[in-house]
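Observations on the model geometry
The lines below spell out each chain.
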Amino acid sequence: MLDLKQIRENPEAVKRAITEKRVSLDLDALLAADQKALALSRTLQELQEKRNQNAKLIPKASATERPELIAEGRKIGDEIAALKPAIDAADSALRDLLLLVPNIPADSAPRGASEADNVVVKTVGEPTKFDFAPLDHVALVEKNGWADLGRIAKVAGSRSYALKADGVLLEQSLLRFALDRLVERGFTLMSVPSFANEGAFVGTGHFPTGREQVYHLEADDKYLTGTSEVTLNALHSGEILSEADLPVRYAGISACFRREAGSAGKDVRGLIRVHQFNKVEQYVMCKNDPEESERWHKTLLEISESILVDLEIPYRVVECCTGDMGLGKFKMFDVESWVPSEKLYRETHSCSNLHDWQARRSDLRYRDAQGKVRYCHTLNNTALATPRFLVPLLENHQQAGGSVRVPAKLQPYLGGRATLGG
C-alpha cells in the first residue's frame, strides 16, 4: 500500500506505475473516493464541534432555554448517527481501492510487459553437456524408484507427487542444507504453520488479487499459504519495534500450497508445477532506508546464488521488468536454474524488495533513533524449494546408466554418499 499523501501529491507517478505494472485500477476513481471520504469526515467533525458547543451552553442556559438546547443536541446526535454508515462505507470503498495501488518501481527497473522483457544480469556456469543420452527428471525418478507419480494421482489428483526411498532423503537433505546456510548467515529459523487468516494475505499483497491461487479452508476461515512469507510478514503486525531490533531476519520453512489456477496444460509433467511443496524462505524486515534495503536485496540474492554454486547448478540471474514483477515490488530479481531436458533456464528463486509497501498494509513499524515511528522495509527470497529444485539437480548431475552424482557440499547430508541410484 502506498501512503495516501504520496498518491495525492504524485498522481502522475502512480498512474505510470499502474500502466507499467498492467494493473486494472482507475486512479481518478480512487482520488474521487478519497475526496468523498474527506468531505464526509469534515462534515462529521463540524457536527461534533457543533454538538460540543451546544453542550457547553446547556449548563448556563435558563430553564426556558434548556429544553430547546437539549433538543438541538439530540438532533445533532441523530445527524451524526445517520452519517456514520456513509463514512464507514466511504472509508471501506477507499481502502478497497488503495489495496490495488501498485508500488512505484525503481527508476532502474526494466520497463516491459511480460517475462519476455526481463533482462539477464549474469550467467554462471555453462549448460551441462553429456556424452550419453540424458534422461529427464521423470525418467530418472522412475528408473531409480524415487517417486510414485502414477499411483499418487489416483489418491490426490493431478499435480501431486509422492517421493520414495532416496528421493525422500535427497529432498530433506536439500532443505536442511538451505537451512544451515541461512543459520550461517545469521538468520533465525522459523518453522511456521501452512495456513493463515485473510489479513496476513492482504498484508503481503497476495489478496485481494491472487485469491484464485489460494486454497480456502471454509470451516475455519483460514487459507493455505503458498510461502512462509505470508506468516513471517504478519508476526510483528501492530507492534512498534526499536531500531535496535532491526534487521529482523527469518529463515522460514513450511509446507506450501498453490492451486495453480489458470496454468492448465502448462508444466504439468513431473515435479515442476505441483500443488503442494516444501520451501525454505528468506525474509528480512529492516529500517526505512533505501540504501539499507538495497544492501539486503543484494545479500538475499547472493545467498541464493551461493546455494546454487555449492550445489553445482548452472544458473542465470534476471532482473524482472515492471510487467512481470507484481503489484508490491519495488525491485525484483529471478534466479533461473538450467534444465537440460528442456534446454532452458527455469525460475527457482524469486528475490524481491518491497520498500514499505507491505509494511503499510501489515502495520510493521519501528521507532527510529530520533524517536519517530516509521514503517519498515521488507524483503524476501527463496532459499530452496522442493520438489521443483530436484528437477535441475537430478538432470544436471545424472550419469550414464541413470545414477546421480551428489555434489560434494551435499554429501555430508546423505551420509557421505557420492552417488545415488543407477
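Here we summarise the structure given alongside this text.

Conventions we followed
- Starting afresh in each chain, residues are numbered from 1 along the sequence in its written order.
- Predicted model: local features are reported for residues with pLDDT of at least 70 only, side-chain atom pairs are reported and counted for 80 or more only, and whole-chain, interface and lining totals are derived from all residues.
- Side-chain measures here rest on the full set of heavy atoms in the structure, leaving out hydrogens and waters.
- Helix and strand labels come from DSSP, where a helix needs a run of H or I of at least four residues and a strand needs a run of E of at least two; each type is numbered from the N terminus.
- Multiply 1.5 Å by the residue count of a helix minus one, and that product is the helix's expected span.
- Whenever a nitrogen or oxygen atom comes within 3.5 Å of another N or O atom, the pair is scored as a polar contact, on the condition that within protein one atom can donate a hydrogen and the other can accept it, and that pairs from neighbouring residues in sequence are kept only if both atoms are in side chains.
- Note on exposure labels: buried denotes an accessible area under 20% of the residue type's maximum, exposed denotes more than 50%, and partly exposed covers the range between, all computed with a 1.4 Å probe on protein chains only.

Quick notes on helix 10 (residues 290-310)
- Here helix 10 contains 21 residues, and its C-alpha end-to-end distance of 30 Å stays within 8% of the 30 Å for a straight helix at 1.5 Å per residue.
- Among the residues of helix 10, the N-terminal cap falls to Asp289, whose side-chain oxygen and the backbone nitrogen of Glu291 are separated by 3.0 Å.
- In the segment just after helix 10, Glu312 is the residue with positive phi, at about 60°.

Notes on the environment of Gly326
- Within the element layout of this structure, Gly326 appears in the loop between strand 9 (315-319) and strand 10 (331-339).
- Using a relative accessible area of 34% as the deciding quantity, one classes Gly326 as partly exposed.
- Between the C-alpha atoms of Gly326 and Asn103, which are 223 residues apart in sequence, the distance is 9.0 Å.

Considerations on unusual backbone geometry
- The omega angle of the peptide bond from Leu246 to Pro247 is 0°, so this bond is cis rather than trans.
- With respect to the secondary-structure elements, Pro247 resides in the loop between strand 6 (240-242) and strand 7 (248-257).
- In this structure, the amide linkage connecting Thr386 to the following residue, Pro387, adopts the cis form with an omega of 15°.
- Checked against the element boundaries, Pro387 lands in the loop between strand 14 (377-386) and helix 12 (390-396).
- Its identity as a non-glycine residue notwithstanding, Arg22 has a phi of 55°, on the positive side.
- Relative to the elements of secondary structure, Arg22 occurs in the loop between helix 2 (11-20) and helix 3 (27-57).
- A positive phi angle, close to 55°, is found at Lys343, a residue other than glycine.
- With respect to the element layout, Lys343 can be found in the loop between strand 10 and strand 11 (344-353).

Considering the environment of Leu182
- Structurally, the position occupied by Leu182 is in helix 7 (residues 166-184).
- Overall, the relative accessible area of 0% leaves Leu182 in the buried class.

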